[in-house]
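# Understanding the architecture of this molecule
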Amino acid sequence: MTSIDVDWLDAWDVEDGSAQARALFTEVFDAAPDGVWSAPGRGNLIGEHTDYNGGLVLPFALPHRTYAAITRRADRTVRLVSAQEAGTVVTVDLDTVAPGTVTGWVAYVVGVAWALEQAGATLGGFDVAITSCVPYGAGLSSSAALEGSVAIGLDALFDLGHGADDAGRQHLVAACIRAENEIAGAPTGGMDQAAALRSQEGHALLLDCRSLEVRQIPFDLASDGLALLVVDTRAPHALVDGQYAARRDTCEAAAAVLGVETLREVTDLDAALATLTAPGALDASGQDPEMTARRVKHVVTEIARVGEVVSLLDSGRTSEVGAVLSAAHASLRDDYEVSCHELDVAVDAAVQAGALGGRMIGGGFGGSAIALVRVEDAEQVAGEIAAAFESEGLRAPGFLVAVAGGPAA
Ligand code: ADP
Ligand code: MG
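Going by the annotation in an unreviewed UniProt entry, the name recorded for the protein is Galactokinase, with Sanguibacter biliveldensis given as the source organism. What UniProt states about the protein under its Sequence similarities (unreviewed entry) heading is, verbatim, "Belongs to the GHMP kinase family. GalK subfamily."

Printed below as a string of structure tokens:
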């Protein structure tokens, strides 16, 4: 047994989070808000770097949520405050919002309003106070939680009517994606926003990123005596600029050479790898053939692993999911090359401490990892991971046990 302190990142009760957002709003804007809405951060069981390749992903909503207290205004002014951003009020004129005009956290919020208007809605200004227990910048999608809480809130306040069913929620997802890509300037693939808005409590969300169809997969590990441990490595995101864009470029170049729209369409991996490594095949794109082959191998095998995990969950063979997670980690580390020392330490220590398997999640180069553990081992595995970080001289990680929460509401 280890005696190291483990930092558990507990989720707030929805009532508590709502009360905190309401209190911040009232303190800053001197009136009660029209309402409080919230949306979850997410984990991703399997399917990493597959979303922008038209593939499959299997995220789930965390019980950790971002809360937005909002009031409509009669003009076109937006006033924003966030407890996580020094509590300073920022004012933006909605009519000045366009790609490149807003920077920082505010872009995620006004970007959603902008995108909803671009899609035909007529909104007005609003005052909004934000608070959150989603770990910040930890690869657990605090950005989509923020967008989702604002989207569902504006939808209700301006009577847009999209929040009522899944088809409408797809419209909100699209607005959140545009906000993040075009106004916040972060080229993310769409999984996070779908998880924030289209998940269901107690389920993982099987999302087909080509058709945008979803299937709710019952995801109750506790009934099988299992738990999913999430480790926020708190690794500094150093030297990652451009890595995500570089991966996307490589995938697009490979798809072009293979004559497919996305790597989702690759049905014969060996044939695809032979085509990509044939002399001259990638010359025009400037991509290295051997590297491109490894990237494609990750994407194609990862999409297959999503299918594998879904059938394991469907057939109640939940403990076998662990081995698939570990295979995914090896693929992300060796073929896609998006892991980092902290993520590898977390996964290796988890498995050594008795986890059934584990992997990095999210874009990589930092952020979080997951480990599938027996419920009774969760504390011990967390302690061993924390001890491994300490002996490597790394910052102490944070931990949570993921239970699939509900969507934006
Ligand atoms: P992740 O989504 O993995 O947490 P990102 O870099 O995509 O990391 O998003 C983090 C950014 O989202 C923050 O730097 C901030 O700009 C914005 N953000 C997220 N949550 C909040 C919040 N509660 N208040 C203000 N800004 C937030
Ligand atoms: Mg994000």
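So, on to helix H4 (residues 166-183). With 18 residues, H4 extends 25 Å from end C-alpha to end C-alpha; this agrees with the ideal 26 Å at 1.5 Å per step. Among the residues of H4, those classed as buried are Gly168, Arg169, Leu172, Val173, Ala175, Cys176, Ala179, Glu180 and Ile183. Along the axis of H4, the buried positions cluster into a sector of 160 degrees, meaning they face one direction only. On its buried face, H4 is in contact with helix H2 (106-118), helix H3 (142-157) and helix H5 (191-198). Downstream of H4 by a residue or two, glycine 185 has a phi angle that is positive, lying close to 75 degrees.

Okay, the packing of aromatic side chains next. Under the counting rule described, the total for this entry stands at five aromatic pairs. Centroid distance tryptophan 8 to phenylalanine 399: 5.9 Å. Interplanar angle 55 degrees. Geometry classified as tilted. Placement of tryptophan 8 in strand E1 (residues 7-8) and of phenylalanine 399 in strand E13 (residues 398-402) is noted, with a sequence separation of 391 residues between them. Residue classification places tryptophan 8 among the partly exposed residues on the basis of a relative accessible area of 28%.

On to the UniProt feature "domain: GHMP kinase C-terminal" (unreviewed entry) in the protein, then. The UniProt record marks residues 311-390 with the feature "domain: GHMP kinase C-terminal" (unreviewed entry), using the residue numbering of this structure. Along residues 311-390 the backbone is 55% helical and 14% strand, and the end-to-end C-alpha distance reaches 38 Å.

UniProt records the feature "domain: Galactokinase N-terminal" (unreviewed entry) for residues 24-71 in the present numbering. Summarising residues 24-71: 12% helix, 52% strand, and an end-to-end C-alpha distance of 13 Å.

The subject of this paragraph is the site of ligand 1. Taken together, 16 residues sit near ligand 1, with Ser82, Tyr136, Gly137, Ser142 and Ser143 positioned nearest. Glycine 139 is positioned such that a nitrogen or oxygen atom in its backbone is 3.0 Å from an oxygen atom of ligand 1. Here an oxygen atom of ligand 1 and a side-chain polar atom of serine 143 are 3.0 Å apart. Protein chains shield 80% of the accessible area of ligand 1, which is 560 Å² for the free molecule. For ligand 1, the cavity whose grid points lie within 2 Å of the majority of its atoms is the largest pocket.

Looking now at the sheet that holds strand E3 (residues 56-57). In spatial order, the strands read E3-E8-E9; together these three strands make up an open sheet with antiparallel pairing. At either margin of the open sheet sits one strand with a lone partner, and together these are E3 and strand E9 (214-218). As judged from the two bridges shared by E3 and strand E8 (residues 203-208), these two strands associate in the antiparallel manner. Paired with valine 57 across the two strands is leucine 207, which belongs to E8. Those strands touched by H5 are E3, E8 and E9, and its axis lies near 135 degrees from that of E8.

Another aspect to go through is the packing of H4 against H5. Put simply, H4 and H5 touch, their axes get as near as 9 Å, and they point 140 degrees apart. In terms of orientation, H4 and H5 fall into the oblique class. Seen along the crossing, H4 lies across H5 with a hand that is right-handed. Contact residues: Asp166, Arg169, Gln170, Leu172, Val173, Cys176, Ile177 and Glu180 in H4; Gln193, Ala194, Leu197 and Arg198 in H5.

Before going further, it helps to examine unusual backbone geometry. Its identity is not glycine, yet histidine 49 carries a phi of approximately 60 degrees, on the positive side. Turning to its location among the elements, histidine 49 is positioned in the loop between strand E2 (35-44) and E3. One non-glycine residue, leucine 212, adopts positive backbone phi at about 65 degrees. Take leucine 212: it is sitting in the loop between E8 and E9. Accessibility expressed as a relative area gives 40% for leucine 212, which makes it partly exposed.

Moving on: the nonpolar core. Within the largest apolar cluster, 77 residues are counted, with the highest numbers of intra-cluster contacts made by Leu45, Leu58, Phe60, Phe219, Leu228 and Ile385. Counting residues per element, this core draws most heavily on helix H8 (residues 289-314), which supplies ten residues. Sequence-distant contacts of isoleucine 385, that is, excluding residues within four places in its chain, are made with Leu229, Val231, Ala346, Ala349, Ala350 and Phe399. Within the second largest apolar cluster, 47 residues are counted, among which are Leu80, Val102, Ala115 and Val150.

Calculation criteria
- Residues numbered from 1 in each chain as written.
- Chains lettered and ligands numbered in written order.
- Predicted model: local features only at pLDDT ≥ 70, side-chain atom pairs only at ≥ 80, totals over all residues.
- Heavy atoms only, no water.
- UniProt positions renumbered as here; feature names shortened; annotations may be inferred.
- Helix = DSSP H or I, 4+ residues; strand = E, 2+ residues; numbered from the N terminus.
- Expected span 1.5 Å × (residues − 1).
- Buried < 20%, exposed > 50% of the residue type's maximum accessible area, 1.4 Å probe, protein only.
- Arc of directions from axis to C-beta.
- Contact = heavy atoms within 4.5 Å.
- Phe/Tyr/Trp six-rings, centres within 6.5 Å; stacked < 30°, edge-to-face > 60°.
- Near = heavy atom within 4 Å.
- Polar contact = N/O pair within 3.5 Å; in protein donor to acceptor, adjacent residues only side chain to side chain.
- Areas by Shrake-Rupley, 256 points an atom, 1.4 Å probe, with all protein chains shown as cover.
- 1 Å grid on protein atoms, 1.4 Å probe; cavity = no way out; pocket = protein on both sides within 12 Å on 5 of 7 lines; lining within 4 Å.
- Sits in = over half its atoms within 2 Å of the grid points.
- Pairing = 2+ DSSP bridges.
- Axes fitted to C-alpha atoms, helices over the stretch in contact; angles between N-to-C directions.
- Parallel < 35°, antiparallel > 145°, perpendicular 65-115°, else oblique.
- Left-handed = near helix turned anticlockwise from the far one by under 90°.
- Core = buried A, V, L, I, M, F, W, Y, C linked by side-chain atoms within 4.5 Å.

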